[in-house]
Protein chains: 2
Amino acid sequence: MFKNRNSQNIHCNHCAVKTLCVARDLNPIETDDINNQITKIKVADKGNHIFHAKDLQQNLYAVHTGSCKDYWLDEDGSERINNFYLPGDIIGLESIPNDKHLYSLIALENTELCVIPITALFDLMHQHSNILKRVMNIAGYKMQNDQSIRITTNVNQRIADFILNTYYRLQERSNSKDFISLPMSQLEISNYLGMAHETVNRVLRKFHKEKIITIKVKRIYITDIDRLKELGTTLLSIGQGETHVEKIPEEECQ
Amino acid sequence: MFKNRNSQNIHCNHCAVKTLCVARDLNPIETDDINNQITKIKVADKGNHIFHAKDLQQNLYAVHTGSCKDYWLDEDGSERINNFYLPGDIIGLESIPNDKHLYSLIALENTELCVIPITALFDLMHQHSNILKRVMNIAGYKMQNDQSIRITTNVNQRIADFILNTYYRLQERSNSKDFISLPMSQLEISNYLGMAHETVNRVLRKFHKEKIITIKVKRIYITDIDRLKELGTTLLSIGQGETHVEKIPEEECQ
DNA sequence: CGCTGTTTTGAACGAAGTCAAGGTTCGTGG
DNA sequence: CCACGAACCTTGACTTCGTTCAAAACAGCG
């Protein structure tokens, strides 16, 4: 179901996840230009599809509130989750070269998505180098995220990485530092990480017993971030916040 | 070691991997503009570094001939391979938002890389919408590739997927349809796929016995692509060749 | 020609998957 | 508002797959 963005009083300037979305680092004119091209929001109830794989792709979507997953069906017809999307995330970048969606998108909870027409976005990137730069950065962060859930030998590490990744991404979007909740089910986590759901449960229970996380009904709260970091791989602290460049070498290469 | 690109008689127009690189789908003026901004090639012998993680990033690199891997070091100091790069591949897109390289890059064999200055590229994207479109497509394909080596439950499938992925990518670059060779060692494959190298070897040996592939010294030849496809997950046939849109629905979503 | 890194194979162990079954939570409809 | 069914979560026992350890064969390179 579509809503008019204006009538909902949504403007990139006041958006809670502005610093993650397209409107970051833009001057007022650029922000207005972007905002004016995003005229619709799409509202989806929990479990509803936003689009299907092989659909013609005319838009990107930005998660305004809520969360989503995208997936495809393998030869057996079983679901294979590709990614989860949280507020501020841009959906659909990987499908641009094909002009059609590679994955189907489903809302994990009641969700509002800003509809970003691709042709309009490309025009804006062409006009404003700040917008070009910003979209390229978003693409880069997306690649970093896709690469961050890499295959590791053991299951504890993979789940720790998953929780950390989602933790970092959620933390950028809210101010609660202590407790963060994950919107997806254990079944979905196991699907995404490619392991048995019983295993996910056992590892989460173990983490719970060791007071690293606290499991409430359908929500997971992180209580000991340091232990979690020890368990996971490093490199993961990929976010869009401040970039600390430790030291800049004189020359790119000898 | 750097070489002057002009003196090497390299021009995007005549490049063997032009259809995979930035210069695809451009008109002559645009191709010239791109070509003029790429003035250097970097030559690296097997095993040599091209750049290191945390180096300042000023350039992207395009593989002209040869192949590379990029990696990072985990807390134990052991190597974690992030990706392999074949002729036509663009290296460094994911690091753009950070202005420094996230990974270190090593040549797998004697390799020539076209040096693409990022600021120049951004200027060209700003000027020519075709170049903008092309770079966004490359970014999209890169995401598809990052997503294609997803975690699957069993090892046979993961290796089949890996071989298929590399097969498709290599096939786009050469005209030999029957036999294709992989430039990386089994040790590197195991590292990349997150499994023991003995396991990689055993699975490859099994595939060899079943006449799906033929293993020669440090080279793997694919002999039965159909069997391999059955073993792997689908969706993988991601390439930059013709895009077959099976059917275009009337509306993007109901 | 010897050293080093890579591939190969076997045997034993352990981690994670599978199967089965019971307990919870949530949504829907009566 | 309660009852019921459908997902989802939890736990145990068993099995299997893949890792680990060890050791040998091989290739590549200085």
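These numbers were taken from a predicted model, which means no experiment stands behind them. (Residues numbered from 1 in each chain as written. Chains lettered and ligands numbered in written order. Predicted model: local features only at pLDDT ≥ 70, side-chain atom pairs only at ≥ 80, totals over all residues. Heavy atoms only, no water.)

1. What to know about the overall build of chain A
Next up, step 1: In terms of helices and strands, chain A carries seven helices and eleven strands.
Next up, step 2: Counting over 254 residues, chain A shows a buried share of 57%.
Next up, step 3: At a minimum sequence separation of 6, the contacts of chain A that also span at least 24 residues come to 73%.
Next up, step 4: When the accessible surface of chain A is totalled, it reaches about 11,200 Å², and 49% of it is carbon and sulfur. (Helix = DSSP H or I, 4+ residues; strand = E, 2+ residues; numbered from the N terminus. Buried < 20%, exposed > 50% of the residue type's maximum accessible area, 1.4 Å probe, protein only. Contact = heavy atoms within 4.5 Å. Areas by Shrake-Rupley, 256 points an atom, 1.4 Å probe, with all protein chains shown as cover.)

2. Quick look at the sheet that holds strand β6 (residues 79-85) of chain B
Strand pairing in a sheet is mediated by backbone hydrogen bonds. Such pairs are either parallel or antiparallel.
Residues and elements named next belong to chain B.
Next up, step 1: Pairing in this open sheet of four strands is antiparallel, and the strands run β3-β8-β5-β6 from one edge to the other. A strand with exactly one partner marks an edge of an open sheet, and here the two such strands are β3 (49-51) and β6. Ignoring which end each strand starts from, the neighbouring axes of this sheet average 30° apart.
Next up, step 2: Here helix α5 (residues 186-193) sits on the sheet in contact with β5 (68-73) and β6, set at roughly 105° to β6. (Pairing = 2+ DSSP bridges. Axes fitted to C-alpha atoms, helices over the stretch in contact; angles between N-to-C directions.)

3. Concerning the interface of chain A and chain B
Next up, step 1: Taken together, the contact pairs 71 residues of chain A with 73 residues of chain B.
Next up, step 2: A combined buried area of about 6,100 Å² lies between chain A and chain B, and 55% of that area is made up of carbon and sulfur atoms.
Next up, step 3: Summed over the shared surface of chain A and chain B, the number is zero salt bridges.
Next up, step 4: Linking chain A to chain B there are eleven residue pairs in polar contact (both at pLDDT 80 or more).
Next up, step 5: When residues in the side of chain A that touches chain B are grouped by element, the largest group, 14 residues, is from helix α3 (residues 129-148) of chain A. (Buried area = accessible area lost by both parts, 1.4 Å probe. Salt bridge = Lys/Arg side-chain N within 4 Å of Asp/Glu carboxyl O. Polar contact = N/O pair within 3.5 Å; in protein donor to acceptor, adjacent residues only side chain to side chain.)

4. Section: unusual backbone geometry
Residues and elements named next belong to chain B.
Next up, step 1: Of note in the backbone geometry, Asp25 takes a positive phi value of approximately 60° without being a glycine.
Next up, step 2: Turning to its location among the elements, Asp25 is positioned in the loop between β1 (2-4) and α1 (28-37).
Next up, step 3: Given a relative accessible area of 57%, Asp25 falls into the exposed group.
Next up, step 4: The phi angle at Lys211 is positive, at roughly 60°, despite the residue not being glycine.
Next up, step 5: Residue Lys211 is classed as exposed on the basis of its relative accessible area, which comes to 65%.

5. A few points about the confidence of the model for chain A
All names here are of chain A.
Next up, step 1: In the predicted model, chain A carries a mean pLDDT of 86, and the fraction of residues at 70 or more is 88%.
Next up, step 2: Per-element confidence in chain A is highest for strand β7 (residues 90-91), whose mean pLDDT is 98, and lowest for strand β11 (residues 219-222), whose mean pLDDT is 81.
Next up, step 3: Here residues 242-254 is modelled with pLDDT under 50, and outside its nearest four sequence neighbours on either side it reaches 26 contacts, counting other chains as well. (pLDDT = per-residue confidence, 0-100.)

6. Points about the side chain of Thr31 of chain B
Residue and element names in this part refer to chain B.
Next up, step 1: On the secondary structure map, Thr31 appears in helix α1.
Next up, step 2: The exposure class of Thr31 is buried, given its relative accessible area of 2%.
Next up, step 3: Within polar-contact distance, the side chain of Thr31 engages the backbone oxygen of Asn27 at 2.9 Å.
Next up, step 4: Here Thr31 is in contact with Cys12, Asn13, Ala23 and Leu26, once residues within four sequence places are set aside.

7. Brief notes about the relation of the copies chain A and chain B
Next up, step 1: In screw terms, the move from chain A to chain B is a rotation of 180° and a rise of 0.0 Å along the axis, fitting with an RMSD of 0.1 Å. Considering both components of the superposition, the chain copies are consistent with a two-fold axis. Taking C-alpha positions as reference, the residue of chain A nearest the rotation axis is His126 of chain A, located at 2.5 Å.
Next up, step 2: Looking at the interface residues of chain A, 100% of them are also at the interface in chain B, so both copies use one shared face. (Least-squares fit on C-alpha atoms with pLDDT ≥ 70 in both.)

8. Quick look at the pairing of strand β4 (residues 59-65) of chain A
Residues and elements named next belong to chain A.
Next up, step 1: Here β4 lies mainly inside the structure; six of its seven residues are buried.
Next up, step 2: Relative to strand β9 (residues 111-117), β4 is paired through six bridges, and the arrangement is antiparallel. Paired with Val63 across the two strands is Leu113, which belongs to β9.
Next up, step 3: Bridging between β4 and β7 involves two bridges; their strand directions are antiparallel.

9. Here's the deal with helix α4 (residues 155-171) of chain B
Next up, step 1: The end-to-end C-alpha distance of α4 of chain B is 24 Å, a good match for the 24 Å that 17 residues give at a rise of 1.5 Å each.
Next up, step 2: Within α4 of chain B, 14 of the 17 residues are buried, which leaves the element mostly enclosed by the surrounding structure. (Expected span 1.5 Å × (residues − 1).)

10. Some thoughts on the protein's contact with DNA strand D
Next up, step 1: In the vicinity of DNA strand D, 16 residues are found, and the nearest of them are Gln186, Asn201 and Arg205 of chain A together with Val155 and Thr199 of chain B.
Next up, step 2: When atoms of DNA strand D within 4 Å of the protein are sorted by moiety, sugar and phosphate together comprise 64%.
Next up, step 3: Note that a phosphate oxygen of DNA strand D is positioned 2.8 Å from one of the side-chain N or O atoms of Gln186 of chain A.
Next up, step 4: Arg202 of chain A places a polar side-chain atom, nitrogen or oxygen, 3.0 Å from a base nitrogen of DNA strand D.
Next up, step 5: No other element matches the five residues that helix α6 (residues 197-209) of chain A contributes to the surface near DNA strand D. (Near = heavy atom within 4 Å.)

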